[in-house]
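# Summary of structural features
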Amino acid sequence: MKILILGAGVIGTTAAYYLAKAGHEVVVLDRQPGPALETSFGNAGELSYGYASPWAGPGIPLKAIKWLLMTDGPLVIRPMLDPRMWLWGMSLLANCTKRAYALNKSRMVRLAEYSNAQMVELRRLPGLAFEGRERGTLQLFRTQQQLDHIHGDVEVLKQYGVAFEVLDPKGCVAAEPGLATATVPFVGALRLPDDDTGDCKLFTEAVTRLAAEAGAAFYYDTTVLGVETTGGLVTGVRTNHGLEVADEYVVAMGSYTPLLVASLGIDLPVYPIKGYSITVPITDEAVAPVSTVMDETYKVATTRFDNRIRVGGTAEIAGWDTTLRPHRRGPLDRSLRDLFPRAGDLSKASFWCGLRPMTPDGTPVIGKAKYRNLYLSTGHGTLGWTMAAGSGRILCDIICGHQPEIDVSDLSISRYAA
Ligand SMILES: Cc1cc2nc3c(=O)[nH]c(=O)nc-3n(C[C@H](O)[C@H](O)[C@H](O)COP(=O)(O)OP(=O)(O)OC[C@H]3O[C@@H](n4cnc5c(N)ncnc54)[C@H](O)[C@@H]3O)c2cc1C
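Residues numbered from 1 in each chain as written. Predicted model: local features only at pLDDT ≥ 70, side-chain atom pairs only at ≥ 80, totals over all residues. Heavy atoms only, no water.

This part takes up the overall build of the protein. If you tally the helices and strands in the protein, you get 11 helices and 20 strands. Over its C-alpha trace the protein gives a radius of gyration of 21 Å, about what one expects of a compact globule, namely 22 Å for 418 residues. The principal-axis extents of the C-alpha atoms in the protein amount to approximately 65 × 45 × 40 Å. Taking as baseline every contact in the protein between residues at least 6 positions apart, the subset at least 24 positions apart corresponds to 77%. (Helix = DSSP H or I, 4+ residues; strand = E, 2+ residues; numbered from the N terminus. Rg over C-alpha atoms; globule rule 2.2 N^0.38 Å. Contact = heavy atoms within 4.5 Å.)

Written out as C-alpha cells, the structure reads:
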C-alpha cells in the first residue's frame, strides 16, 4: 500500500517508521524544511510514562483559578471570541469529575505503558541516539502543603502499579546532587524511577533517518492545503506542489489537524495549548541536574541533556497564536535560578514556544475517521513524545489490518460520538 502521512512531528515520523518497516510505501509531507520543527522541537524532554494523566481532574477548576491569579502562574488564558476555545474549555470542565478522570487516566496509562515497551525496543536500534537518560524523574515540592497533597497521586500510582518513592530533602539531594546548591527551601519529592528523559527533536530526527532507511520518503517545504474526497474515500491531498495521492492517508499535523479535517466535516476536539521552553548551555556539570526535576510551584520541568539543560512549562490558551512572549520566560528562568543556580548560563539560553495539541479528555485520538482510508493520530497534548512509540505501532497495526496488542477501541474519534 502507498500511505501518505501528513506531518513530520514525533507522531507522524514514528508512525512512518513502523509503516515503512512493515513494508509499505510511505511518504511523509511537512511544511517545514525538516522533521520536528514545530511542537516536537523544544519540549521539556520527559518520557514520563508514570505521569501520564489528563489535565482534567477533580479539583482542577479551583486550582486553575489559583494559577490564573498567580503572577507568572503556570496557566494563562487570553480570552478570545473563538467558539472552539469555549467549547473545548467546557468539555474539559465536564471531564473534571472523579469518574471521567479515572476513565481518561486508565486510557492514557494503557497507551503510555505500551509506548514504554515500544521504546525499549526502539532504544536497541543502532542510530537511535537522542541524549537519552534512564534515571527517573523528580516532582519537587517547595511547601509542606504541596507534599501533603500527593496522597491522591500516590493512590493512583499504586493502583496502576507505577514504581515511586517519596523522598525527604536529603533523599532529593541524593537523587539530584545539584539541588544542594538550591537557593530556595524544598520539603521533599515524589520520584518516579522508571521515567526516562532526552531530546525529542534528536529522537524525531533519528527516527526519520531510520524510517528513510526502511524506504520512507520525506517531502519537506510541502504545505497541505486541502483534502480531495469522493464518496467515502479520500482521493488525494492538495499541496503547494500539487496533488499527492495514496491508498491510505494519516493526518498527524498536531494542533493543525482539526483545522484540516473540519473541511471534511470531522469535528475533532483538539485545541492548541501553548507552552514555552529555554535551552541553556551547562557551565558547571557538578551542580547541574542529572535528570528531570519538575518544580511543582511553577509546574516547570528542568531536564538534563548532554551539555544543555532544557526548562519547559506554562499553559497559555490563546488559540493558534505562536507569538513568543518574552515575559513568559520569567518562571522558567526563575525555576532554574532557584533550583540549580550555578548550573547554566542563562544569558546564552535560547527561547522557544510550541502548541500542544490537547484533547479535553487528555487522551490522543488514534484510528480511522469517517472515510474508509483516513486515519488520525493527534491530540497527544502534554505527553506526545511519551506516547509516540505506542501510537505509531498501534496505527501501523490498524492500517495493516492486524489486531493491536492493546485495546484501542476507545482511542479513536468515535469515543466523542457517544
Ligand atoms: C513546552 C512544552 C513541553 C512539553 N514537554 C513534554 C515532555 O516533557 N514530554 C512529552 O512527552 N511531551 C511534551 N510535550 C508535548 C509534545 O511535545 C507534543 O505532544 C508533541 O510534540 C506533538 O507531536 P505532533 O507530532 O503531534 O505535533 P508537531 O510536532 O507539531 O508535528 C506536526 C507537524 O505537522 C506539520 N504541519 C502542520 N500543518 C501543516 C500543513 N498544513 N502542511 C504541512 N505540514 C503541516 C508541522 O510542520 C509539524 O511538523 C511538551 C510540549 C510543550 C509545548
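So much for the structure itself; the text now carries on.
Around the ligand sit 33 residues, and of these Asp30, Ser40, Glu46, Gly381 and Thr386 come closest. Glycine 45 places a main-chain nitrogen or oxygen 3.3 Å from an oxygen atom of the ligand. Here glycine 384 contributes a backbone N or O atom positioned 3.1 Å from an oxygen atom of the ligand. Contributing elements (two or more residues each) for the shell around the ligand: helix H1 (10-21), strand E14 (271-281) and strand E18 (350-358). (Near = heavy atom within 4 Å. Polar contact = N/O pair within 3.5 Å; in protein donor to acceptor, adjacent residues only side chain to side chain.)

Strand order in the open sheet made by the six strands is E9-E2-E1-E13-E20-E19, with mixed pairing throughout. The open sheet has two free edges, formed respectively by strand E9 (217-219) and strand E19 (365-368), since each of these has just one partner strand. Averaged over all pairs of adjacent strands, the angle between their axes in this sheet comes to 20°, without regard to strand direction. Here H1 sits on the sheet and contacts strand E1 (2-6), strand E2 (25-29), E9 and strand E20 (374-378); the angle it forms with E1, its principal contact strand, is near 165°. Packing against the sheet, helix H11 (residues 388-400) makes contact with E1, strand E13 (248-251), E19 and E20, and its axis sits at approximately 170° to E20. (Pairing = 2+ DSSP bridges. Axes fitted to C-alpha atoms, helices over the stretch in contact; angles between N-to-C directions.)

With 48 residues, the main nonpolar core has Ile5, Val26, Met119, Leu122, Leu128, Phe203 and Ile394 as its most contacted residues. For this core, the secondary structure elements donating two or more residues are E1, H1, E2, helix H4 (98-123), helix H8 (200-213) and H11. For this core, the element with the most residues is H1, which contributes eight residues. The contacts of leucine 128, once residues within four sequence positions are left out, are Leu122, Arg123, Phe203, Ala206, Val207 and Leu210. Listed in part, the 27 residues of the second largest apolar core include Val293, Leu336, Leu339 and Leu346. (Core = buried A, V, L, I, M, F, W, Y, C linked by side-chain atoms within 4.5 Å. Buried < 20%, exposed > 50% of the residue type's maximum accessible area, 1.4 Å probe, protein only.)

Turning our eyes to something else, we now look at the pairing of E18. Extensive coverage of E18 is indicated by the burial of seven of its nine residues. Summarising the sheet, E14 and E18 pair through nine bridges and their orientation is antiparallel. From the neighbouring strand, tyrosine 276 faces E18, where its bridge partner is cysteine 353.

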